[in-house]
Amino acid sequence: MKAFKLGNDFIFGTATSSTQIEGGDKNNTWYEWSKEGKIRDLSSPFTACDHWNRVEKDIGLLIELHVQSHRMSLEWSRIEPEPGQFSKDAIDHYRKEIKLLLKNNIEPLITLHHFSDPLWFKDMGGWMEAENIEFFTEYVEYVVKNIGDLVCQWVTINEPNVYSTLGYAIGIFPPGQRNIFKCFKVMRNLIKAHIKVYDLIHETREREGYQGKTIVGYALHIRIFDGLSFLGKKTAQCLDYIFHTLSIVGMTTGHLKFPLSEKGYINKRRTTDFIGVNFYTRNIVEFILCPSFYFYHLLNDKDLSKNDQGWDIYPEGIYRVCKKYYKKYELPIYITENGISDRYDNRRPKYIGNHLFQIKRAIDEGVDIQRYYHWSLMDNFEWIDGETGRFGLYHCNFQTQKRTPRKSAMLYAEICYYKEVTQKMIEEFSLE
Ligand code: NOJ
């Protein structure tokens, strides 16, 4: 690898989510899921990083990293513990946290929904019921009214494609269902919710006279599906359509494609200000004659190195994804997440260097990639992998809550500061 520069306007940041770091909340679906024994190491988000009580210290870590922006989410179940009842304490807590970020010149990018729902929302049927979109919009309106003076930049919904497929088709996320039709219903409702709050956030900030340019987008999990054989290629195209195209088209243009289409629902226009890409890996896809596995099987590439969870490390994928969707929509791209579970940190420095290199390659070819958020600031509650998925630039000891910088944190701090990968970094961190 040769040294390269991302440019002075490029924004570097880190990303976290409330359920994964805050701890202390029992009113959400992921706490309940953990109590049902669904987390591989039997841990629970009730512990996590105790960030709720350590906000100041953790912002200290962001300062050490020299990030210009931080992506964090709000816990809906804390802000609205009962339907229609909003917690002033919770919103004040987030106001304080956001003010502290701003005081340190760290621009907040706020995610409104990141995988977890309040238990009361689930009990009402959750995202399966179209009428429930209204509850989400009421929550968003409350949030924007109450912190919209501090926050200009928003992510509406994180990875609606993962939420709907893992929760309703594969059944490993709550509520653990295996029904493709329910999955499509949920996907449709999430897209419609995004479109509603896209407008709502713009309108509310404008009506309240809040300063700063409002920017609203989504964050989608986008991977590469490659097939090798003829059937493998066809199966990969189907997966790509279901897992990516339906959500991207819906959330970017307001158009519900088959099988999400609904009689009378036409809303074609631009419904996002940026495309948020969460990129981690690629899969090789094979066709299998087995309906209970939805006719596909995902394979690794034996020539690629893996993260701790066995996911292939494929930096070129981030280039391919950005090229593809920029060509299609010509909208700014934010890399809203990219990272690796690597407990011993022996692959992360190179992972960061190689992915940034591919981002630079796309930028040089005219793709408007404006930001990169590393997932994650510190080890946290990695959903069904619990405390074993170690994605942090900082190691977190969940018993003592001590945070310790990994070597990658030093590298990332330098990259954020200089906005470049220098020859010295390449040698010092063995990025070659
Ligand atoms: C994407 C999700 O948004 C995030 O919550 C998760 O921890 C990372 N992927 C890593 O799996």
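It should be noted that the structure appears before, not after, this text.
Given the structure is predicted, the values throughout are model-derived calculations rather than measurements. (Residues numbered from 1 in each chain as written. Predicted model: local features only at pLDDT ≥ 70, side-chain atom pairs only at ≥ 80, totals over all residues. Heavy atoms only, no water.)

Draft legend 1. Fine view of unusual backbone geometry. Of note, the amide linkage connecting Phe 258 to Pro 259 takes the cis form, showing an omega dihedral of 5 degrees. You can see Pro 259 is positioned in the loop between helix H10 (230-253) and strand S8 (275-278). Each neighbour pair has its own omega, and for Trp 375 with Ser 376 the value is 10 degrees, a cis peptide bond. When you line up the elements, Ser 376 lands in the loop between strand S12 (369-375) and strand S13 (394-396). Although it is not a glycine, Asp 50 adopts a positive phi angle of roughly 50 degrees. Tracing the chain through its elements places Asp 50 in the loop between helix H2 (29-35) and helix H3 (55-65). Note on Asp 50: relative accessible area 19%, which makes it buried. The residue Glu 330 is not glycine, and still its phi comes out positive at about 50 degrees. By secondary structure assignment, the location of Glu 330 is in the loop between helix H11 (316-329) and strand S11 (333-338). Judged by relative accessible area, Glu 330 falls into the exposed class, the value being 60%. (Helix = DSSP H or I, 4+ residues; strand = E, 2+ residues; numbered from the N terminus. Buried < 20%, exposed > 50% of the residue type's maximum accessible area, 1.4 Å probe, protein only.)

Draft legend 2. Expanded view of the pattern of salt bridges. Applying the stated criterion across every chain, the model contains 32 salt bridges. With a closest N to O distance of 2.8 Å, Glu 262 and Lys 192 form a salt bridge. Highlighted residues: Glu 262 in the loop between H10 and S8 and Lys 192 in helix H9 (residues 180-208), separated in sequence by 70 residues. Residue classification places Glu 262 among the partly exposed positions, given a relative accessible area of 30%. Judged by relative accessible area, Lys 192 falls into the buried class, the value being 15%. (Salt bridge = Lys/Arg side-chain N within 4 Å of Asp/Glu carboxyl O.)

Draft legend 3. Seen up close, the site of the ligand. Around the ligand, the neighbouring residues are Gln 20, His 114, Asn 158, Glu 159, Asn 278, Tyr 280, Trp 311, Glu 337, Trp 375, Glu 382, Trp 383 and Phe 391. Side-chain polar atom of Gln 20 to an oxygen atom of the ligand: 2.7 Å apart, as the coordinates give it. Between the ligand and His 114 there is a distance of 2.8 Å, counted from an oxygen atom to a side-chain nitrogen or oxygen. Starting from 300 Å² of accessible surface for the ligand in isolation, the protein chains cover 96%. Here the residues of the shell around the ligand sort into five nonpolar, four polar and three charged. (Near = heavy atom within 4 Å. Polar contact = N/O pair within 3.5 Å; in protein donor to acceptor, adjacent residues only side chain to side chain. Areas by Shrake-Rupley, 256 points an atom, 1.4 Å probe, with all protein chains shown as cover. Nonpolar A, V, L, I, M, F, W, Y, C, P; charged D, E, K, R; others polar.)

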